[in-house]
Amino acid sequence: MNLLLRFCLTVLAGILCSALFLPPIPASAQLSQATYDALPPVLKPQHRSLVTFNELTKILNDFRTDDSKVTKDLTALCLQKIPFYATILDRSKRSDFLFVSVYWLFNQRYDIPEQRTLIYQYIDTLISEVQSAPDLHLDKEGKLGICYMLKGGLYAEDNKYMESYESHQKSLDIFKEAKGASDLSFISNNYTLLAAMYSSLLLHDESIAYVDRALATLDLSIPVIRQTNKPSLIIIKAKLYFTKLLETNKAVYADSVASLIRSIDTNDIYTYIKPGLYCIEAGLAYWNGCYDESVAHADAALSFTNINVPEHQINSAKAFKGLSLLKMGNHILGRKVLESIDFRVDSNTAPIMGIILELLATHYKAEGNYAKSNEYYTMLLRYKNTVLTQKYQGELFQISRKYNVAARDAVIHHLNAEQKLNRWIMGAILFFALLIISAFYFRYRNNKKEKVLLLRQIEEQTEFQVMRIEQSVHKVKEEERRRFGQELHDDFAGSLAGIVHLLKIREEEESDLEKKTHLSAIYTEVEAAYSRARMTAHNTYHTILTDNFQQILTNNIHLFFNGSKIKSSVYIDDLSSGLDPELQISLFFIVKEAITNIIKHSRAQNVDILIYEDESMLVVQIKDNGKGIYAPATKRGIGLRSIEERVNKHGGNYKLFSPNNIGTTLEVILPMLPCTSQ
C-alpha cells in the first residue's frame, strides 16, 4: 500500500460530537500524573485514579495534544474502558461514548496495530446502535456517515479495496443527503481517503481527481473548516504530483509541486502536518539539485520527535537526506542514513525506495560484500513484487468497478425496459378500459336519452289522451244534458203548456169571482213553472262519446313502446260500451305507469298485455321477461303508488310478482260497476 494512505488518515480532522454528561461508572483505569497535568482545568477528572465514562467522553472529544506520551496514556485508558460500554443504560449517551472512543482509537491505530480488529468491532457495534434507533441525535449529526468513512479507511489499509470504496460511497450518500456545513467537510474527507486508496493502487491520475473533488467541496464549506483542512489537501496533491515527477521525470510536475508548496502559509498549519510538507520540499530540492537545501528540509522533517510522525514520512526524509549526502560526496554518512531506513514496510511503494535499494545493492556488490548485496537485492525484489502486486490490484479494482458499473447499468437497462413495457401494457389496458367505459358511457347516454325521449313522448301522449278522454267525458255529459233538456222540453214542458191552456179557458168561463180569483192564481204559478221548465230545457247541453276506447288504448300502448327496442303483444276486449269514463281514465294511467316501469327498470325484451272482462270485472295482466324482482318491494316508487291509488279508487286489487324469479307480472282486477263504498 502506498505511504500516502497512512499520511492521509493521520491528517484527517473531523468535527466530533458535543460532550454529553454520562453516568459515572466505577473503573480501575486511571490517568498518569503527567497526563492529568496536561489536561486543561475544565477537562480534569474529579479523581485521577477513577475516571468516569462522562469524564473520558469529554476528554476524548475536546482534548488535542502533540505529546505522544499523553496520547498513549489516553489510548490505554480508552482501551480499558470501551469493553464496558454496555453498562451505560442511556442509548444516546452510550452511542456518543462509543463514537468518540472509536474516533480516538482510529486516529491512534498506527500505535496499536494489534487492536485493528477491535476498532472494526466497535465501528460495527456503533453502526448497529445507530441503525436500530434512527431517532438518535447521533445519526442526525452524521456520525453514521463518519463510521462508514472510518471503516472505509481501515478496509483500504487492509487491501480490501472494493469494500473500502463501497463504505466511502455509503458515507458520501449520508453526508450529501444532509447538506450541512460540517457535512461538506466530511464529504471532502471521504474524497481524500478515496484519493489515498487510488494512490496506493498506483492509480495516481484518479487519485489527483479525487483530491480536486475534495478541494472543490471544501471551498463550499465555512471559512474555519476550509482554513483547517485545505493545507492538508494541498500537501497530499503536491505529494501525488511529486510521485508523478519521479515516475516520468517531467519538469511540468516539478512546477506543479513548487506552485502548490508556495500556496501554503506554514504559519497557519498544524504541527502534525509539517513533517509531510518538509519531506516534499526535501524531495523537490533533491530533484532540482539543491542538495544542501534537501538535507535541511529532511532534518526539519526528522526533528519532530515529540509527535507521532508516520513511519513512511520518516523513511522519505531519510531517503532524500541520504541521497543528497551521497551527491555531496559524503558517502559514509549518506549510506548510513539510507541503511537506517525501515525497508520492512511492505506497503512502501514510493519510487525513491526502489532507487535506494538498487543503489545499496549495487554498492555492496562492488565492494564484494555479497551478503549485504544479497540482502538488499532481496528487499528490492520484494519491493518490485509489492509494486507489481499493487499495480495489478489497481487494474483488478478498475475492472471490478467497470464490471459492477456495467452490471448495474445492465440491471438498470433491464428494469427500464421492463418499466417501459409495463408502461405500454398499462397504457394499452387503460386505453381499452377507457374505450370500453366510453362505449358503455355513450350507450348509457344514448339509452338514457332514448328513455327520456320515450318517457317524454309517453307523457305528451298521456296528456293528449287524458285531454281526449276528458273531452269525451265532457261530450257525454253535454249529450246527456241535451237529451234531458229535449225530454224536459218535449214531455214535461208540453204537458205544462196544455195545463196552462186549460186553466186559461176555465178562468175565462168561470163566473164566480172567488173561484175565478183562485183559478187566476193557479194559472199564474203553473205558467211560471212552464216558463222555468222551458228555460232549463234550452240551457241543458250534452254530447255522446263516439271514440273507440279499445283502439285508442291499443294505439297508445304501441306508441309508448316505440323506440324502446321492446317487442309488445297486446290483446284488449271491446270495452267501449261497458266502461265508465272515470274507469277508462284510470285504466289508461295504470297501463301507462306499468309500461314506464318496464322501460326504466326491467331490461325486458318482450311484453305481453292482456285486458278483458270477466263476470263484471275488468282484468289487466302485463307480463315481461326482464330481470324480475327478488323480494317484495318495501320501498315503492311514484308509479306503483299511482297504480295502487287508482285501483283503490275503484274498489279493485292488484299484485306484482316474479314467477320463478324470471320476469315480472302485474295483475289488476277492477269492478266494471261504479264503486259506492269509497
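Since we're looking at a predicted model, the values are computed, not measured.

Caption draft 1: Quick peek at the overall build of the chain. Across its full length, the chain carries 23 helices and five strands. Within the span of the chain, comprising 678 residues, buried residues form 45% of the whole. Of all intrachain contacts in the chain linking residues separated by at least 6 positions in sequence, the fraction that spans at least 24 positions is 68%. Only carbon and sulfur atoms are counted for the fraction: they give 55% of the accessible area of the chain, which is about 35,800 Å².

Caption draft 2: Up close: the sheet that holds strand β4 (residues 653-657). Read across the open sheet, the five strands follow the order β1-β2-β3-β5-β4; overall the sheet is mixed. Of all strands in the sheet, those bounded by a partner on one side alone are β1 (567-572) and β4. Ignoring which end each strand starts from, the neighbouring axes of this sheet average 10° apart. Pairing of β4 with strand β5 (residues 664-671) involves five bridges; the strand directions are antiparallel.

Caption draft 3: Summary view of helix α13 (residues 251-262). Across its 12 residues, α13 extends 17 Å between first and last C-alpha, which sits within 8% of the 16 Å expected from 1.5 Å per residue. Of the positions making up α13, those classed as buried are Tyr253, Ala254, Val257, Ala258, Leu260 and Ile261. Within α13, the buried residues cover an arc of 165° as seen down the axis, which keeps them to one side. Facing away from the buried side of α13, by more than 90 degrees, are the exposed residues Asp255 and Arg262. Among the structural elements, α12 (223-248) and α14 (274-287) are those in contact with the buried residues of α13.

Caption draft 4: Layout of the side chain of arginine 116. Within the fold, arginine 116 resides in helix α6 (residues 116-132). Among the polar contacts listed, one links the side chain of arginine 116 to the backbone oxygen of leucine 154, at a separation of 3.3 Å. Beyond its immediate chain neighbours, meaning those up to four positions away, arginine 116 contacts Arg109, Leu154, Glu157 and Asp158.

Caption draft 5: Looking closely at the packing of aromatic side chains. Per the counting criterion, the structure on display carries 18 aromatic pairs. Ring centres of tyrosine 198 and tyrosine 210 lie 5.2 Å apart, and the angle between their planes is 25°; this geometry places the pair in the stacked category. With tyrosine 198 in helix α10 (residues 181-200) and tyrosine 210 in helix α11 (residues 204-218), this pair connects stretches of sequence that are 12 residues apart. Look at tyrosine 210 and you get buried, because its relative accessible area is 9%. Pairing tyrosine 364 with tyrosine 376 gives two aromatic rings, centres 5.9 Å apart and planes at 0°, and the pair type is stacked. Within this pair, whereas tyrosine 364 is found in helix α18 (residues 351-367), its partner tyrosine 376 is found in helix α19 (residues 370-509), the two being separated by 12 residues in sequence. The exposure class of tyrosine 364 is buried, given its relative accessible area of 9%. Between the NZ or CZ atom of lysine 81 and the centre of the ring of phenylalanine 53, over which it lies, the distance is 4.3 Å. When the ring centre of tyrosine 210 is taken as origin, the NZ or CZ atom of arginine 213, which lies over that ring, is 4.8 Å away.

Caption draft 6: Representation of the pattern of salt bridges. According to the stated counting rule, one finds 12 salt bridges in the structure shown. The closest approach of N and O atoms between glutamate 129 and arginine 91, which form a salt bridge, is 3.7 Å. Residue glutamate 129 is found in helix α6, and its partner arginine 91 is found in helix α5 (residues 91-107); the two are separated by 38 residues along the sequence. Classification of glutamate 129 as buried rests on a relative accessible area of 11%. Taking the relative accessible area as the measure of exposure, arginine 91 reaches 35% and is therefore partly exposed. Across the pair arginine 109 and glutamate 157 runs a salt bridge whose closest N-O atoms are separated by 2.9 Å. A residue pair is termed long-range when its members are at least 10 positions apart, and arginine 109 in the loop between α5 and α6 and glutamate 157 in helix α8 (residues 143-157) qualify at 48 residues. We classify glutamate 157 as buried; its relative accessible area is 9%.

Caption draft 7: Region of the structure containing helix α3 (residues 53-62). Counting buried positions along α3 gives eight out of 10 residues, so the element sits mostly inside the fold. Within the span of α3, buried status applies to Phe53, Asn54, Glu55, Leu56, Thr57, Ile59, Leu60 and Asn61. The elements touched by buried residues of α3 are α4 (68-81) and α5.

Caption draft 8: Local environment of the packing of α8 against helix α9 (residues 161-178). Closest axis-to-axis distance for the α8/α9 pair is 8 Å, and the angle between their directions is 160°. Of the possible angle classes, the one that applies to α8 and α9 is roughly antiparallel. Crossing handedness for the pair α8 and α9: left-handed. When α8 is examined against α9, the residues Leu144, Gly145, Ile146, Tyr148, Met149, Lys151, Gly152, Gly153, Tyr155 and Ala156 are found in contact with a partner set consisting of Tyr161, Glu163, Ser164, Ser167, His168, Lys170, Ser171, Ile174 and Phe175. Considering only residue class, the contact of α8 with α9 consists of nine nonpolar, seven polar and three charged.

Caption draft 9: Geometry of the nonpolar core. Among the nonpolar cores identified, the biggest contains 117 residues, and Phe343, Met353 and Ile356 are the most heavily contacted of them. With 10 residues, the single largest contributor to this core is α12. Once residues lying within four places of it in the same chain are set aside, the contact partners of isoleucine 356 are Ala319, Leu323, Leu338, Ile341 and Phe343. Core analysis: the second largest hydrophobic core is formed by 36 residues, Ile458, Ile566, Ile599 and Ile609 among them.

Caption draft 10: The arrangement of unusual backbone geometry in detail. Of note, the phi angle at asparagine 159 is positive, near 65°, even though the residue is not glycine. Looking at the element boundaries, asparagine 159 is found in the loop between α8 and α9. A positive phi angle is found at leucine 202, which is not glycine, with a value near 65°. Residue placement: leucine 202 occurs in the loop between α10 and α11.

Caption draft 11: Quick peek at the packing of helix α17 (residues 331-339) against α18. Between α17 and α18, the least distance of the axes is 11 Å, while the angle of their chain directions is 125°. By the criterion of interaxial angle, the relationship of α17 to α18 is oblique. The crossing of α17 and α18 is left-handed. Seen from α17, the contacting residues are Arg335, Leu338 and Glu339; seen from α18, they are Ile356, Leu359, Leu360, His363, Tyr364 and Glu367. Of the residues contributing to the contact of α17 with α18, the split by class is five nonpolar, one polar and three charged.

Caption draft 12: Representation of the confidence of the model for the chain. Mean pLDDT for the chain: 79, with 83% of residues reaching 70 or above. This stretch, residues 541-546, has a pLDDT under 50; its non-local contacts, to residues over four places away or in other chains, come to 27 contacts.

Caption draft 13: Structural view of the environment of proline 231. Examined against the element boundaries, proline 231 turns out to sit in helix α12. Judged by relative accessible area, which is 13%, proline 231 ranks as buried. Ignoring sequence-local partners within four residues, the contact set of proline 231 consists of Arg226, Ile264, Ile269 and Ile273.

Calculation criteria
- Residues numbered from 1 in each chain as written.
- Predicted model: local features only at pLDDT ≥ 70, side-chain atom pairs only at ≥ 80, totals over all residues.
- Heavy atoms only, no water.
- Helix = DSSP H or I, 4+ residues; strand = E, 2+ residues; numbered from the N terminus.
- Buried < 20%, exposed > 50% of the residue type's maximum accessible area, 1.4 Å probe, protein only.
- Contact = heavy atoms within 4.5 Å.
- Areas by Shrake-Rupley, 256 points an atom, 1.4 Å probe, with all protein chains shown as cover.
- Pairing = 2+ DSSP bridges.
- Axes fitted to C-alpha atoms, helices over the stretch in contact; angles between N-to-C directions.
- Expected span 1.5 Å × (residues − 1).
- Arc of directions from axis to C-beta.
- Polar contact = N/O pair within 3.5 Å; in protein donor to acceptor, adjacent residues only side chain to side chain.
- Phe/Tyr/Trp six-rings, centres within 6.5 Å; stacked < 30°, edge-to-face > 60°.
- Lys NZ or Arg CZ within 6 Å of the ring centre and 35° of its normal.
- Salt bridge = Lys/Arg side-chain N within 4 Å of Asp/Glu carboxyl O.
- Parallel < 35°, antiparallel > 145°, perpendicular 65-115°, else oblique.
- Left-handed = near helix turned anticlockwise from the far one by under 90°.
- Nonpolar A, V, L, I, M, F, W, Y, C, P; charged D, E, K, R; others polar.
- Core = buried A, V, L, I, M, F, W, Y, C linked by side-chain atoms within 4.5 Å.
- pLDDT = per-residue confidence, 0-100.

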